[in-house]
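Given next are the chains, with one letter for each unit.
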Amino acid sequence: MDGVHRVGAGRVHRRRPARGVPRGERTRPGVRSARHGAPRPRPARDLRHLRSREGRLLSGPALPPRFDARSLEARWQAEWDRGAAFRAPARPEGRTYSLVLPPPNVTGVLTMGHMLGDTVMDVLVRHYRMVGRSTLWVPGLDHAGLATQVEVRRRLAKQGIRFEELPRERAVQEIEAWRAEHATRIEEQTRAGGFSVDWSRFRYTKDERSARATREVFVRMYGEGLIYRGERMVNWDPRLRTAISDLEVKHFEETTELLYVRYPWADGTPGGLEVATVRPETIFGDVAVAVHPDDTRHHSAVGRTVRVPMTERSVPVIADAGIDPAFGAGALKITPRHDLVDYEIFQRHPELSMPPDIFDDGACLTGPWVPAPFQGLDVEAARERATEELERSGLLLRREPYRHTVARSERSDAAVEPRISKQWFVRMRGLADRVAAGVRAGEIRIHPERWDATFFRWLEEIQDWCISRQIVWGHPIPVDRCRRCGQDVVALEPPTRCPSCGSTELDADPDVLDTWFTSWLWPFAALGWPEPTEDFSRYYPTNVLVTGRDIMFFWVARMMMSGYHFTGQPPFADVYFTGMLRDESGRRMSKHLGNSPDPLDVIRAHGADTVRFSLVFPNPTDEDGPFGPGPLENARNFLTKVWNLARFTLPYVAPGTPPPSVAPVLDATSARENRWILSRYRRTAEEVTEAIRSFAPTRAATALHAFVRHDLADRYVEIAKDALLGRRGEPAQRDARTTLLFVFERTLKLLHPFVPHLTEELWHALPHDGDLLALAPWPATDEAPADPEVEVEMETILEAIRWLRNLRAEEGVPAESIPPAWIRPSGPEVARVLRAEQGMIERMARVHPLDLLEEGKPQPPGVGSRVAPLGECYVARPTAVPSETESLAREREKLAQLLEKARARLSDEGFVRRAPPEVVREAETKAEELTERIRRIDEHLKADASSSAGP
RNA sequence: GGACCGGUAGUCUAGCGGUGAGGAUGCCGCGCUUACAACGCGGAGGUCGGCGGUUCGAAUCCGCCCCGGUCCA
């Protein structure tokens, strides 16, 4: 039976009970067993656990000392599935909360970065689900056209197959095979994380419905004039032989050689123009040499003609203000087909005509203008050959190393060849303006806000988007071209004859669409658009989009454009950008670097909850931060703490105890710690709720972590033990038990969005109301009373405990001994509180008896002392120990410095006159308090000196 | 070349005009205590990147510089 868990078979209902309907009979915690942890190294501990386990058996069902994350998580994931807990209702009642999971690329498997985003989304979704919203989280997958084709091409190359040589159909088959493998892995990874997506709504960007949406959008935009076909300068990837968009180009600093080449005068006069270039192989495409009109060095040259080196062609020298006179010798060769700047200059000079292309699709020299010896050479070879040739002919004046930026294709790493080419484009200006206006108006909010500026700048500088790709894998461009009259036919259904000439000879456009041309429709296409589906009408617009900053422009901005344009609404109300994870050596984790571990391995090793928590705490989810053993261990320790809190709580819950439906009602006679922990709980509930709703998951997790560890475990539980065990009478025991159960149960609810599996397990071990914690109501934040007075009082008490413990440690009081102690309170209020909780202080500080000294009474003999803000503290010394003079003197010095600072401020006229009165008063009080404490230290020092001088 | 973001103990962070600059982790000391050694208690550790300025008062606001990162050309 070892390791087998039974979770109340038949207790989990298929459906969430309709709201307002009384819930079914309360369930009792099931009996469960679990594998115990690995054998522990120290025998002493084993003994203790044996004892504790015996104790548990007497008081009811026990949780094992350690939890087995793997079996526990698998079990609850199965329960959630069985209960269809995350299936969004087709006809939601009340408010909805919806979002799409950024569909991961089928290119590979998920990285830890995906886990981060998914965790943030799940925190939001689970919270809003518990709040009672009808939630829909749509999972999906992106066909990632070019990226996937590159991966498959690489895999085939390893088998010695050239992708380009495969027939189109066969190529698509290969890619489909790849997709099938990776889709499974990606789903497995997502499931392992326990993310509450609605798998029944799963979509793929290349399924039939996405194809329809894509086609619809293209046809519509073509009709509106927002899509056009044109001959323009594009980024050409010569390795993949396709155009790519501006965003798919990355710039790198590289050092190459700058050549100074003489273009001889065409009329044979000696000399010529000195032209600097890093690309001598493009000389064959030159149509002119340009200089700046104000450049006096070249005034006489303008209008003359020079011979293009290595050719017999002559070209004019022209003047253009676009030339930088400081570059090289101030003269630039103009190659309009292969450089954007040159192209722009060319367009300003109608006297020039467009030359033929000198490169083929693979960037090898070709065409009528290229001399025979250069025909067929690739860029590298041609550059080398041209340099040699120039040198040989004496036209190479000099060469020097030159640092400049080189454009490379993101996918293939090949140097991008700017090239004039006929492609399909989307007109972006109007779309971008609508988005900018929407974001400015607050229709969409970006979190963290600091990314606004980056976002707007890009929208302002936006260029038209090249959407056609000369590859296999993608949605076909829905255009047919008439072979007879050349007319483009753009229609939803493939046409049979040309509408203008009637010809039936039509050729489908061989190109496919950029993958983002489908992805940008995701928030509504994933909900069924353009069909008027129930999901679309009820769950669109979505509430939030969570993703990495790296696709802010690729995807997020474009989704906003398409959302506004096609649905008339922003696709989501909030955008949240997560940070990037860094590995142990501080490098960013990325697919590219291959330094992200497989999430599935990490989850198997540590458990999904541990991984999730380590991703949100302590490093902010919206900033780059480390992921590795440190954060993981931290999270694991915290979860163990929660587990053990449950083990502690359970024995105090008598069989038949009802679930905590309301906060315990505690009057002023109830133990102070109970009122205190309720108040602290309330503040935590408020903070957690507020933080989640303001997209600050880390702040919420931090608040929970601090509350659980410091307030609940370290303080409340320790203080309340006596009462819980019944040593303080039955009413006190009842109060403590009710309070503990309430606070712990509610804490599990607050923790659930972060660590769903563990909390689900523990919640079921306690009295609870409902079938699944995942569907339980989120705690109302005003359920428990806030009691600021008690919080202040407890602070004083905890301070006293801390000072006494500190004294014990510093005076070398043996751990097992319980010495007498004294406090001389600094005021009546402190005295009142300390007197009221003398017993608590004694137990917690391990002193006995604790007496409060009145003002003027002498300090007891043989004690160690400290002067704390709340008063003087004394603990009997174990034996004769070294004088405390030294530490007291150190303390005095510190206080004296502070006092000096305070006095300096108070004697500053500007401060007294201009600072707000309450700040001045505060400073005065502080100075008085410090003076008093120093006076008392001085008294001690005097007494000490006289006593050590004595016998 | 143009911008943007960040720089707080060994590490990660909170604070964003008035605090004795919080917390986590790591480190050191002590371990009594049947929830927990994956733990408890205590401690040490900081010129808040540097220099100027504004202010009665600056980690916090402004300017310049240095370092790290990112985006755009």
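Note that this is a predicted model, so its numbers are computed, not measured.

A few words now on the side chain of Thr214. Tracing the chain through its elements places Thr214 in helix 6 (residues 208-223). Taking the relative accessible area as the measure of exposure, Thr214 reaches 2% and is therefore buried. Among the polar contacts listed, one links the side chain of Thr214 to the backbone oxygen of Ser210, at a separation of 2.7 Å. In this structure, Thr214 is in contact with His475, Leu513, Phe517, Thr518 and Leu521, ignoring residues within four places of it in sequence.

Below, the discussion takes up the packing of helix 17 (residues 629-649) against helix 19 (residues 697-725). Between helix 17 and helix 19, the least distance of the axes is 11 Å, while the angle of their chain directions is 25°. In terms of orientation, helix 17 lies roughly parallel with respect to helix 19. In this structure, helix 17 crosses over helix 19, and the sense of that crossing is left-handed. Mapping the contact onto sequence places Asn637, Phe638, Lys641, Val642, Leu645 and Phe648 in helix 17 and Leu704, His705, Val708, Arg709, Leu712, Ala713, Asp714, Val717, Lys721 and Leu724 in helix 19. Here the residues of the contact of helix 17 with helix 19 are counted per class, giving ten nonpolar, two polar and four charged.

What follows covers the packing of aromatic side chains. Considering all chains together, one arrives at 28 aromatic pairs under this definition. Centre to centre, the rings of Trp199 and Phe202 are 6.3 Å apart; their planes meet at 25°, and the pair counts as stacked. With a relative accessible area of 36%, Phe202 lands in the partly exposed category. For the ring pair Trp465 and Phe517, a centre distance of 6.0 Å and an interplane angle of 50° mean the geometry is tilted. Of this pair, Trp465 sits in strand 16 (residues 465-466) while Phe517 is found in helix 11 (residues 516-519), placing the two residues 52 residues apart along the sequence. Grouping residues by exposure puts Trp465 and Phe517 together as buried. It is Arg385 that lies over the ring of Phe374; its NZ or CZ is 5.8 Å from the centre. Note that Arg434 overlies the ring of Tyr564, its terminal NZ or CZ placed 3.9 Å from the centroid.

Another point: the side chain of Arg129. Along the chain, Arg129 falls in helix 3 (residues 112-131). No salt bridge is formed by the buried Arg129, whose closest oppositely charged neighbour, Asp122, lies at an N-O distance of 5.2 Å. Polar side-chain contacts of Arg129 include one of 3.0 Å to the side chain of Ser196.

Okay, the nonpolar core next. In this structure, Phe754 and Leu804 are the most contacted members of the largest nonpolar core, which totals 141 residues. The dominant element in this core, judged by the number of residues it contributes, is helix 19, at 14 residues. Those residues in contact with Leu804, other than ones at most four positions away along the chain, are Ala821, Ile823, Ile841, Ala845, Val847, Leu850, Cys873, Tyr874 and Val875. Core analysis: the next-biggest nonpolar cluster, separate from the first, contains 62 residues, Val138, Ile462, Leu521 and Ile551 among them.

On the surface, Asp378, Glu380, Glu384 and Glu388 cluster together into a patch of negative charge. By the element assignment, Glu384 lies in helix 8 (residues 379-392). For Glu384, a relative accessible area of 55% translates into the label exposed.

Moving on: the pairing of strand 23 (residues 572-578). For strand 23, a buried count of six out of seven residues is recorded, marking the element as mostly surrounded by other parts of the structure. Sheet topology places strand 15 (residues 445-447) next to strand 23; three bridges connect them, and they run parallel. Within strand 23, the position partnered with Arg445 by the bridge is Asp574. Taken together, strand 22 (residues 542-548), helix 14 (residues 552-567) and strand 23 form a β-α-β motif whose crossover is right-handed.

In the segment running from Phe617 into Pro618, the intervening peptide bond is cis, with an omega of 0°. With respect to the helices, strands and loops of the structure, Pro618 is situated in the loop between helix 16 (608-616) and strand 25 (625-626). Here the bond from His848 into Pro849 is cis, since omega is -10°, no more than 30 degrees from zero. When you line up the elements, Pro849 lands in the loop between helix 24 (838-845) and strand 27 (850-852). A positive phi angle, near 55°, is found at Arg846, a position not held by glycine. The residue Arg846 is located in the loop between helix 24 and strand 27 in this model.

Now for the environment of His182. Among the structural elements, His182 can be located in helix 5 (residues 168-192). Overall, the relative accessible area of 14% leaves His182 in the buried class. Considering only alpha carbons, one finds His182 and Ala646, 464 residues apart in sequence, at a separation of 40 Å. Once you skip the residues sitting within four places of it in the chain, His182 turns out to touch Val106, Thr107, Gly108 and Val109.

The rules behind the values
- For every chain, the first residue of the written sequence is number 1, and numbering continues from 1 onward in sequence order.
- Working convention: letters from A go to chains and numbers from 1 go to ligands, in the order in which they are written.
- Since the coordinates come from a predicted model, pLDDT governs what is reported: local features require at least 70, and pairs of side-chain atoms require 80 or more to be given and counted, while whole-chain, interface and lining totals use all residues.
- The side-chain numbers reported here are obtained from all heavy atoms of the structure, hydrogens and water having been left aside.
- Helix and strand assignments come from DSSP, with helices taken as H or I runs of at least 4 residues and strands as E runs of at least 2, each series counted from the N terminus.
- Buried residues are those whose accessible area, probed at 1.4 Å on protein chains only, stays under 20% of the maximum for their type, while exposed residues exceed 50% and partly exposed ones sit between those limits.
- By the criterion applied in these results, polar contacts are pairs of N or O atoms within 3.5 Å in which, for protein atoms, one can donate a hydrogen and the other can accept it, and in which residues neighboring in sequence qualify only through two side-chain atoms.
- Throughout, a residue-residue contact means that at least one pair of heavy atoms, one from each residue, lies within 4.5 Å.
- Structural elements are reduced to axes, namely lines fitted to C-alpha atoms, with helices fitted over the stretch in contact, and the angle between N-to-C directions of any two is expressed from 0 to 180 degrees.
- Relative orientations are named as follows: roughly parallel for angles under 35 degrees, roughly antiparallel for angles over 145 degrees, roughly perpendicular for angles from 65 to 115 degrees, and oblique for any other angle.
- Crossing handedness is read from the near helix: turned anticlockwise from the far helix by less than a right angle, it gives a left-handed crossing, and turned clockwise, a right-handed one.
- Note on residue classes: Ala, Val, Leu, Ile, Met, Phe, Trp, Tyr, Cys and Pro are nonpolar, Asp, Glu, Lys and Arg are charged, and everything else, Gly too, is polar.
- Side-chain rings of Phe, Tyr and Trp (the six-membered ring for Trp) are treated as a pair once their centres are within 6.5 Å; stacked means planes under 30 degrees apart, edge-to-face means over 60, and tilted covers the remaining angles.
- Lysine NZ or arginine CZ positioned within 6 Å of the ring centre and within 35 degrees of the ring normal marks a charge as sitting over the ring.
- Positive residues here are Lys and Arg, negative ones are Asp and Glu, while His and the chain termini are left out of the count.
- Salt-bridge detection follows one rule: a side-chain nitrogen of Lys or Arg within 4 Å of a carboxyl oxygen of Asp or Glu.
- Think of a nonpolar core as a cluster: buried Ala, Val, Leu, Ile, Met, Phe, Trp, Tyr and Cys residues, connected wherever their side-chain atoms sit within 4.5 Å.
- Note on patches: the residues involved have over 30% relative accessible area and no salt bridge, like charges join within 9 Å, and the nonpolar side chains Val, Leu, Ile, Met, Phe, Trp and Tyr join within 5 Å.
- Accessible surface is estimated by sampling points in the Shrake-Rupley manner with a 1.4 Å probe; for residues, cover comes only from the protein chains shown.
- For charged residues, the charge sits on one atom: NZ in Lys, CZ in Arg, CG in Asp, CD in Glu.
- Two strands make a pair as long as DSSP finds a minimum of two bridges between them.
- With the strands pointing away from the viewer, any crossover whose connection runs clockwise from the first strand over the helix to the second is right-handed.

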